[in-house]
Amino acid sequence: MRGNSRRFGAAERVLLPEGRMAGPMPWVIAIMMFLTVLAAAAGLGLGGAAARLGDQIGGRVTVQVVEANPTARAAQAEAAAAAARRLPGVGAVRIVPEREIYALLEPWIGAGGLESDVPVPALVDVDLPSGDRAQLDRLRAAVVAAAPSARVDENAQWLAPLARLIGALRWLAVGLVLLMVGATAATVVLAARAALDTHRETIEILHLMGATDVQVARLFQRRIALDALFGGLVGFIVAGVVLILLGRQAAALGSDLLGSAALAPTAWGVLVALPVFGVALAMLVARITILRALGRML
Amino acid sequence: MPFSAGFTHAPTAWHGVAGGLFLRAGSELSASGSIVQFENVGLRYGTGAETLSDLTFALREGGFYFLTGPSGAGKTSLLKLLYLAQRPSRGLIRLFGEDIVTMPRARLPGFRRRIGVVFQDFRLVPHLSAYDNVALPLRVAGVAESDLHNPVSEMLAWVGLADRASARPATLSGGEQQRVAIARAVIGRPELLVADEPTGNVDPEMAKRLLHLFDSLNKLGTTVIIATHDLHLLSRIQRAEMLRLDRGQLADPTGALRHPPQRPEA
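The structure reproduced in this document is the subject of the present report. Worth saying up front: this structure is predicted, and the values here are computed from it rather than measured.

**Thoughts on helix H4 (residues 149-158) of chain B**
Residue and element names in this part refer to chain B.
Moving on, step 1. Every buried residue belonging to H4 is among Pro151, Val152, Met155, Leu156, Ala157 and Trp158, and all of these are buried.
Moving on, step 2. Residues of H4 that are buried sit in contact with helix H3 (130-140), helix H5 (174-186) and helix H6 (204-219).
Moving on, step 3. Following H4 by one or two positions, Gly160 has its phi on the positive side, about 75°.

This is the structure in structure tokens:
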């Protein structure tokens, strides 16, 4: 009974009496879609942040020259940078200007007269594209030989726990999205069964006229697709507004970490695809549910 | 053709779209020319006693049959077996030459499209207009919307409901609903027409006219079986044969049946 692909044509619009928006299903799907988009956005944003952190962990090293004498400190910083540049496999080497260092410290220590009161270490940023341990050891040996007051810090040491937290949150977001997909599918199953019960008399008449299961299922698929489309669009639009507002607030904070979690255009593309996926999922689940139920009828 | 013109001719719709819907299945019929064959058929609902027992009979292709019997005799159950709403608990049923007892469920819709049914309780789709109810079998069969208007409108005119095409069943009288149900059953010019008390809700004049409609359809080759209590109806089709059911079994206690049902072995 499933092979026949005949359609009812325009009659599909009238064979089921209740129009779209009947019952709670569109609104339940709207809520599901809202939460799914937020969870997916969190996952995608955290994914971007994790990737950027990974770049830093993989290759960024900071050389600190802790020397009270400013002249000696500057000389050792130059010597450390030169030693680093001489090593094969080392990428960019940059002595961090003092004004940048003061700007970093200003929120905690305050502005004005800082350089004369507190000896601030000189900083040299070194990129190690390969990120391998032997390369790091060679760099450490060369730098310390050239600048005895130098200390080599791996960014990975302090960024790794943060990266692990971001990774865990990202997987949590993925789990939430999957739960929402499951809950949406369950909602559609319940809605499809309720619709079948409501329209059992009409279905029996259609069957006795010679309608196939596929013909009958198509009626419900169409209706459920409309409900899912409505709910999906409402949920997506509301979630999109929330994300845009949150993004603006995060941007206003000027935080590098929050900035790195901003959604890329591709991430927005994924989010836009969610309502489409929701409609397809609803139609598929409805079709399977209805065909199974019809299969139990003669 | 307006309804008041009478049923001197079959609706032209039967020669148009509807007439082209179904292939005549003469080659599928058994050698005896029976469109329906029952052999030792029994029907039991749940674990109760048998509603129908040991039914053995055949309906000839192109025949006209009345099914009679007291209330509760099993007429509606027998019709349900004929229009494939029910499978028997035991026995063999051949329809259009094929065993429908063991037939896979997937093949049933194709057989149902060859059968027109007038239900005792009409079973119109309540939210559809009279027009859409009558068009339903054609839509199920895949007829294009552009090809629906003429046959459906003509059929509604034939049953005197041309001006009620857009009315929903709830706004129609019992007799009007019955006529919509009849129009729906015959619009596709079925090979087998099964009608359960089709004139139960109409006045005698309307009953006579509807019977003419069935007669016209029968003359075009449709096998007709009508369950009825109406004794006047029985006498109106001279060539009709009768099946009498009593307590779930075919009976002829008085020997007064004009045309006893033909048995397959005969």
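**Concerning the sheet that holds strand S4 (residues 150-154) of chain A**
All names here are of chain A.
Moving on, step 1. Spatially, the four strands line up as an open sheet ordered S2-S3-S1-S4, and their pairing is antiparallel. Either end of the sheet is taken by a strand with one partner, and the two such strands are strand S2 (93-95) and S4. For this sheet the average axis-to-axis angle between neighbouring strands, irrespective of direction, equals 20°.
Moving on, step 2. Where S2 and strand S3 (residues 122-127) come together, three bridges link them in antiparallel fashion. Bridge pairing links Arg94 to Asp125 in S3.
Moving on, step 3. Strands strand S1 (60-65) and S4 of the sheet are contacted by helix H7 (residues 155-198), whose axis makes an angle of about 25° with S4.

**Quick word on the environment of A:Arg200**
Residue and element names in this part refer to chain A.
Moving on, step 1. Among the secondary structure elements, Arg200 is positioned in helix H8 (residues 200-208).
Moving on, step 2. Owing to 12 C-beta atoms within 10 Å, Arg200 belongs among the exposed residues under this scheme.
Moving on, step 3. As a C-alpha pair, Arg200 and Leu294 span 94 residues in sequence and 10.0 Å in three-dimensional space.

**Looking at the packing of helix H9 (residues 213-253) of chain A against helix H11 (residues 265-295) of chain A**
Relative orientation and spacing of two packed helices are given, respectively, by the angle between their axes and the distance between those axes.
All names here are of chain A.
Moving on, step 1. Axis separation between H9 and H11 bottoms out at 8 Å; the angle between their running directions is 150°. Judged by the inter-axis angle, H9 sits roughly antiparallel to H11. Two packed elements cross with a definite hand, and for H9 against H11 that hand is right-handed. Packed against H9, whose contacting residues are Asp213, Val216, Ala217, Phe220, Gln221, Ile224, Ala225, Ala228, Leu229, Gly232, Leu233 and Phe236, the element H11 presents Leu274, Pro275, Gly278, Val279, Ala282, Met283, Ala286, Arg287, Ile290, Leu291, Leu294 and Gly295 at the interface.
Moving on, step 2. Split into classes, the residues belonging to the contact of H9 with H11 amount to 18 nonpolar, four polar and two charged.

**Side note on the sheet that holds strand S10 (residues 249-250) of chain B**
Within a sheet, each strand pairs with its neighbour through backbone hydrogen bonds, oriented either parallel or antiparallel.
All names here are of chain B.
Moving on, step 1. Reading across from one edge, S6-S7-S8-S3-S9-S10 is the order of the six strands in this open sheet, with mixed pairing throughout. At either end of the open sheet lies a strand with only one pairing partner, and these are strand S6 (115-118) and S10.
Moving on, step 2. In the sheet, strand S7 (residues 192-196) pairs with strand S8 (residues 223-227) via five bridges, with the strands oriented parallel. Counted as the bridge partner of Val194 is Ile225 from S8.
Moving on, step 3. The sheet strands contacting H6 are strand S3 (64-68), S7 and S8, and the helix crosses S8 at an angle near 150°.

Quick notes on the rules
- Once a new chain begins, its residue numbering starts again from 1 and follows that chain's sequence as written.
- All chains are assigned letters beginning with A, and all ligands numbers beginning with 1, in the order in which they are written.
- Confidence filtering applies because this is a predicted model: local features only for residues at pLDDT of at least 70, side-chain atom pairs given and counted only at 80 or more, and all residues used for totals across whole chains, interfaces and linings.
- Counts of 20 or more other C-beta atoms within 10 Å of a residue's own C-beta define buried residues, counts of 12 or fewer define exposed ones, and intermediate counts define partly exposed ones; C-beta atoms are placed from the backbone.
- Here a helix means four or more residues in a row that DSSP labels H or I, a strand means two or more in a row labelled E, and each is numbered from the N terminus.
- Note that contacts rest on C-beta atoms placed from the backbone: two residues are in contact if these are within 7 Å.
- Pairing between strands is defined by DSSP: at least two bridges between them are needed.
- Every angle, taken between N-to-C directions, lies between 0 and 180 degrees, and every axis is a line fitted to C-alpha atoms, over only the stretch in contact when it is a helix.
- When describing relative orientation, an angle under 35 degrees is termed roughly parallel and one over 145 degrees roughly antiparallel, while 65 to 115 degrees is termed roughly perpendicular and anything else oblique.
- Left-handed describes a crossing whose near helix is turned anticlockwise from the far helix by less than a right angle; the clockwise case is right-handed.
- Three classes are used, and their members are as follows: Ala, Val, Leu, Ile, Met, Phe, Trp, Tyr, Cys and Pro are nonpolar, Asp, Glu, Lys and Arg are charged, and the others, Gly among them, are polar.

By themselves these figures say nothing about function.
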